[in-house]
Amino acid sequence: MALLQWKDQYSVGIAAVDHEHRELIDLINRLHDQLMAHAGKTTVSDFLGELFNGISAHFALEEHFMRERHYDQLSEHKGDHERLLDEIRDIMDDFEANAATASGALAGRLDAWFSRHFETHDARLHRALGSHPH
Ligand SMILES: [Fe+2]
Ligand SMILES: [Fe+2]
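Residues numbered from 1 in each chain as written. Chains lettered and ligands numbered in written order. Predicted model: local features only at pLDDT ≥ 70, side-chain atom pairs only at ≥ 80, totals over all residues. Heavy atoms only, no water.

Peer 1: How would you sum up the coordination of the iron ion (ligand 1)? Please name residues and give values.
Peer 2: Around the iron ion (ligand 1), the protein contributes the donor atoms Glu62 (OE), His77 (NE2), His81 (NE2), His117 (NE2) and Asp122 (OD), at 2.0 to 2.2 Å from the metal centre. Counting residues between consecutive donors of the iron ion (ligand 1) along the chain gives the motif E-x14-H-x3-H-x35-H-x4-D. Between the iron ion (ligand 1) and the iron ion (ligand 2), the interatomic distance is 3.4 Å, and glutamate 62 donates to each metal, bridging them. Placement of the pair is glutamate 62 in helix α2 (residues 41-68) and histidine 81 in helix α3 (residues 74-97), with a sequence separation of 19 residues. The same class applies to glutamate 62 and to histidine 81, which are both buried. (Donors = N, O, S within 2.8 Å, 3.2 Å for Na, K, Ca; no water. Helix = DSSP H or I, 4+ residues; strand = E, 2+ residues; numbered from the N terminus. Buried < 20%, exposed > 50% of the residue type's maximum accessible area, 1.4 Å probe, protein only.)

As structure tokens, then:
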């Protein structure tokens, strides 16, 4: 059973952003599967690195669209992106420090982390930009 499920209401109405949201959901689900299957520490560390890069690139893309369309809450949304990147760095550090204890909570932390941003900032972005397709 996948941890996260894509929902149509997640769509922000920008094809490139929607595509990346689906990819990130897929990455988090794959990480969850690895943890359930007790994958080795190196495998999970590498995967976390990949996830971090994917998320950084995704945030940069969203910020690009927000700037281009003069989105009124760019600085708040960008601030939350920065906070999320700090949090994922913490998650990665915790995992490096103690993989055994950190892995139990890891997928849940990522789910909470991702879903919250999705349902607040990205949903608002959807409402603001979704009705004006590119
Ligand atoms: Fe965002
Ligand atoms: Fe996003």
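Here the narrative resumes, following the displayed structure.
Peer 1: Could you give an account of the environment of histidine 58, naming the residues involved and the relevant values?
Peer 2: Relative to the elements of secondary structure, histidine 58 occurs in helix α2. Using a relative accessible area of 1% as the deciding quantity, one classes histidine 58 as buried. For the pair histidine 58 and valine 17, spaced 41 residues apart in sequence, the C-alpha to C-alpha distance is 7.4 Å. Among all residues touching histidine 58, those that are not within four sequence positions of it are Val17, Glu20, His21, Leu24 and Asp122. A polar contact is formed between the side chain of histidine 58 and the side chain of histidine 21, at a distance of 3.0 Å. (Contact = heavy atoms within 4.5 Å. Polar contact = N/O pair within 3.5 Å; in protein donor to acceptor, adjacent residues only side chain to side chain.)

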